Amino acid sequence: MNQESIWSARYRDAGDDYLFGTEPNRFLAHRLDLLQSGRTALSVADGEGRNSVWLAEQGLEVTAIEISAVAVEKARHLAAGRKLDVNFIQADMLAPGWPPEDMHNAFDWVVGIFIQFVGPAWRDKQFEVMKRLTRPGGRILLQGYTPKQLEYKTGGPSAVENLYTKDVLREAFADWEIEELVEYEDDVQEGKGHKGRSALIGMVARKPE
């Protein structure tokens, strides 16, 4: 099965529920003041819309990219219920030739929340795409799991090579200004998909002007 089929099956199996809930990721939400410094935001691998819809609620002009058609439909439903306008795009961020030219250097914020569905080789491509989307002086915000998450088993991938460490992110963003990089543990309640004590890492990095 390809990634679209895998994720669509997961989101479809959740029925009317939202697999990861409808509230924003806490690391993202706690950076509200910083987020207000920008006007445009892009959420990659956005899932069922909980983060993109919340960003729109904060007054940002939001685009969301998601590979699963099922998730995009649920995200549109969530946005409509809150009377919010989000530009939802069904696309594979790792597809050849993506992103299109008109999205290069276009966003003040590029947000990736728990996007650890690829190993190191594809992760380099994933980060390169996110960097290309970010305007000079704009920022990338990441939230992910550290290898210790394999002990908790409360969400995230089962492959240790997919997980983030500070060294992994420092190397990947060595040419950017890393404004925040923190490892911590927290009790996460994000639908049925992320539930319980979790080993987390968060980063905010700024693209050179």
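Under the annotation held in an unreviewed UniProt entry, the chain carries the name SAM-dependent methyltransferase and is attributed to Parazoarcus communis.

Colleague: Describe the sheet that holds strand S3 (residues 87–90), naming the residues involved and giving the relevant values.
Modeller: One open sheet accounts for seven strands, arranged S3-S2-S1-S4-S5-S7-S6; its pairing is mixed. Every other strand in the sheet has two partners, leaving S3 and strand S6 (177–190) as the edge strands with one partner each. The average angle at which neighbouring strand axes cross in this sheet is 15°, direction not considered. By the bridge criterion, 13 bridges tie S6 to strand S7 (residues 194–206) in an arrangement that is antiparallel. Within the sheet, the bridge partner assigned to Glu180 lies in S7 and is Val204. Of the strands in this sheet, strand S1 (40–44), strand S4 (107–113) and strand S5 (134–145) touch helix H6 (residues 120–133), which is tilted by about 145° from S5.

Colleague: Account for the nonpolar core, naming residues and giving values.
Modeller: In this structure, Leu28, Leu55, Phe88, Trp109 and Leu141 are the most contacted members of the largest nonpolar core, which totals 28 residues. Contributions of two or more residues to this core are made by helix H2 (26–29), helix H4 (50–57), strand S2 (61–66), helix H5 (69–81), S4, S5 and S7. Beyond its immediate sequence surroundings of up to four residues, Leu55 is in contact with Leu28, Leu35, Ala41, Leu60, Val62 and Val111.

Rules used throughout
- Residues numbered from 1 in each chain as written.
- Predicted model: local features only at pLDDT ≥ 70, side-chain atom pairs only at ≥ 80, totals over all residues.
- Heavy atoms only, no water.
- Pairing = 2+ DSSP bridges.
- Helix = DSSP H or I, 4+ residues; strand = E, 2+ residues; numbered from the N terminus.
- Axes fitted to C-alpha atoms, helices over the stretch in contact; angles between N-to-C directions.
- Contact = heavy atoms within 4.5 Å.
- Core = buried A, V, L, I, M, F, W, Y, C linked by side-chain atoms within 4.5 Å.
- Buried < 20%, exposed > 50% of the residue type's maximum accessible area, 1.4 Å probe, protein only.

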